[in-house]
Amino acid sequence: MQDGHDTAHPLGAPYAWFIASGASWYTIWGMQQVIFSWLLVGVLQEDPARVGSAQMLMALPALFLMPLAGTLADRFGRRRVLLVVHVLSAGVAAATAGWLMSGRLTLGGLLVLAPIWGSLMSVQFPAREAILFDVAHADLARGSAGTTLAQFAFLAVGNALAALTTQFGTPMVLAGQSLLAALGILPLPKLPRGASTRTASRTEAGWGATLLEGLRTVASIPNLRLLAILTVANGLLFLGPYFVAGPILVRDVYGGGAGDVGLFFMMFPLGTGLSSALLVLRGRIENGLAALVAALGLGAACVLAIALEPAFEIVLGIVFVWGCAGGVFITMGRTLFLEGAPASHRARVVSVQGMALMGSAPLSHLLTGLVAEAFGVATAFRGAGLAMLGIVALACLRLRRDAKTTAAP
């Protein structure tokens, strides 16, 4: 036994059931990315500022719910949290299908749906990440890489399924999304319960104190603190260009439709899947933080290349390379956060990772939409890429200083 967890190999039965549960969630989330974006840019033909505002509303709940979600998962059970999320997701998708069939699609309706989906994503994230440690702690590097591979492979599957709206209609695709969400309930009883901290938490200073514990833990560990800052930068500078500027680029520059938006979204998870598969084969990377910084630099170069507006096929290839860099960043970040978290606060610490990434997304989406509206979509990509290159340079200076300190006698 170790840390109160099952010591099964990460590729054993508990890990397989964990991947099965994630397959459902990430497929429906990949579908949601394309469907929501196409309804905005293709069906309603909204301008960039409104697209950015709508995407901001989807990301906004992470800023407020992520710490609470981590505390809920630690205190009341991770499987229970995931069960509620899957049931609600199935219901929301089915209700949306019925709403679209009624023919009353409006921007206002999408603005209501956006924070609902954002809330579901925020609540499930800490619980799912904490279960990953439970099922893969015996070889966390490969377990994290395998999870990233599965996550983005199924995101790509969801993107591809959503592109079928042109053949079968959005209501039918949403009905399939509802069914997949319901099927995600089936693996949950096979997952480990995880260590409960509910009894211990009763002696603490209440919910307000527990919500801050994850932040305090991350702030007290230098490498986790730097990792959190880089994760914020990734969310602030990359999410808006991908989710907001990307579909607008496809529509306005290349004249693409729903299938092309699906292709744009699909190339990133395909690239992430490739790099994650290579990391599964390689195993642990000794200097994971340096690899993470290098991945951010490659991502910045890709964003700058997209700003040049080459042929659409070349853009798809660039997004694929961007996804390869993303696979390294996500896997290394996932591993470092889980390894650095105390067992009693694991979901709360992981919630800081989610809050750093998705909590910065609302501002990223809003700013990207406003910049694209005022100065053009290429400028939105260019500004994000240059800003990230500056942050990468500062991070490299920090890593170089740390290396000199360690090497000093």
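Below you will find a few notes about this structure. The shown structure was predicted, so the numbers you read here are calculated from the model rather than taken from an experiment.

1. Describing the overall build of the chain
Counting its secondary structure elements, the chain contains 16 helices and zero strands. Burial status across the chain gives 57% buried among its 409 residues. Across the chain, the fraction of contacts at a sequence separation of at least 24, relative to all contacts at a separation of at least 6, is 88%. Split by element, the accessible area of the chain, about 15,800 Å² in all, is 69% carbon and sulfur.

2. Examining the pattern of salt bridges
Enumeration over the complete set of coordinates arrives at two salt bridges. Put simply, E46 and R50 hold a salt bridge, and the shortest N to O gap is 3.4 Å. The salt bridge involving R251 is made with D252; its shortest N-O contact spans 2.7 Å. When its relative accessible area of 46% is taken as the criterion, D252 is described as partly exposed.

3. Considerations on unusual backbone geometry
Backbone geometry places Q45, a non-glycine residue, at a positive phi of 55 degrees. Relative to the helices and strands, Q45 resides in the loop between α1 (13-43) and α2 (48-76). Its identity is not glycine, yet E309 carries a phi of approximately 55 degrees, on the positive side. Relative to the helices and strands, E309 is located in the loop between α12 (288-306) and α13 (312-340).

4. Some words on the side chain of H365
In this fold, H365 is placed in helix α15 (residues 361-375). On the accessibility criterion, H365 (4% relative accessible area) is buried. When sequence neighbours within four positions are dropped, the list of residues in contact with H365 reads G52, Q55, M56, A59, L239, G240, F243 and V244.

5. Looking at a nonpolar patch on the surface
Taken together, V232, L236, L363, L367 and L370 make up a surface patch of nonpolar side chains, about 380 Å² in accessible area. Residue assignment for the nonpolar patch shows that the elements contributing at least two residues are α10 (222-252) and α15.

6. A word on the packing of aromatic side chains
As enumerated under the stated definition, the model contains 14 aromatic pairs in all. With a centroid separation of 5.8 Å and an interplanar angle of 35 degrees, the aromatic rings of F243 and F265 are classed as tilted. One end of the pair, F243, is in helix α10; the other, F265, is in helix α11 (residues 258-282), with 22 residues separating them in the sequence. Accessibility expressed as a relative area gives 14% for F243, which makes it buried. By relative accessible area, which is 0% here, F265 ends up buried. Here the aromatic rings of F268 and W322 are separated by 5.6 Å at their centres, their planes lie at 85 degrees, and the arrangement is edge-to-face. In this pair, F268 is assigned in helix α11 and W322 in helix α13, connecting sequence segments 54 residues apart.

7. Quick notes on the packing of helix α3 (residues 78-101) against helix α4 (residues 107-136)
In helix packing, the relevant descriptors are the interaxial angle and the interaxial distance, both defined with respect to the helix axes. As a packed pair, α3 and α4 sit with axes 9 Å apart at the nearest point and diverge in direction by 155 degrees. Judged on the interaxial angle alone, α4 and α3 are roughly antiparallel. Both α3 and α4 take part in a crossing whose hand is left-handed. The class makeup of the residues in the contact of α3 with α4 is 16 nonpolar, five polar and four charged.

8. Observations regarding empty space enclosed by the protein
Scanning all chains against the criterion turns up five cavities of 30 Å³ or more. Volume-wise, the largest cavity comes out at about 900 Å³. Lining the largest cavity we find 45 residues, and of these F152, L239, F243, L357 and M358 sit closest to its centre. Classifying every residue of the lining of the largest cavity by side-chain character gives 28 nonpolar, 15 polar and two charged.

9. Concerning the state of the cysteines
This model, assessed by the stated rule, comprises zero disulfides. With no disulfide partner, C302 has as its closest neighbouring cysteine sulfur the one in C324, 8.5 Å distant. The exposure class assigned to C302 is buried, which follows from its relative accessible area of 6%. C324 gets classed as buried once you look at its relative accessible area, which sits at 17%.

Each value, and the rule that gives it
Residues numbered from 1 in each chain as written. Predicted model: local features only at pLDDT ≥ 70, side-chain atom pairs only at ≥ 80, totals over all residues. Heavy atoms only, no water. Helix = DSSP H or I, 4+ residues; strand = E, 2+ residues; numbered from the N terminus. Buried < 20%, exposed > 50% of the residue type's maximum accessible area, 1.4 Å probe, protein only. Contact = heavy atoms within 4.5 Å. Areas by Shrake-Rupley, 256 points an atom, 1.4 Å probe, with all protein chains shown as cover. Salt bridge = Lys/Arg side-chain N within 4 Å of Asp/Glu carboxyl O. Patch = residues over 30% accessible without salt bridge, like charges linked within 9 Å, V, L, I, M, F, W, Y side chains within 5 Å. Phe/Tyr/Trp six-rings, centres within 6.5 Å; stacked < 30°, edge-to-face > 60°. Axes fitted to C-alpha atoms, helices over the stretch in contact; angles between N-to-C directions. Parallel < 35°, antiparallel > 145°, perpendicular 65-115°, else oblique. Left-handed = near helix turned anticlockwise from the far one by under 90°. Nonpolar A, V, L, I, M, F, W, Y, C, P; charged D, E, K, R; others polar. 1 Å grid on protein atoms, 1.4 Å probe; cavity = no way out; pocket = protein on both sides within 12 Å on 5 of 7 lines; lining within 4 Å. Points joined across faces, edges and corners; volume = space filled by probe spheres on them. Disulfide = S-S within 2.5 Å.

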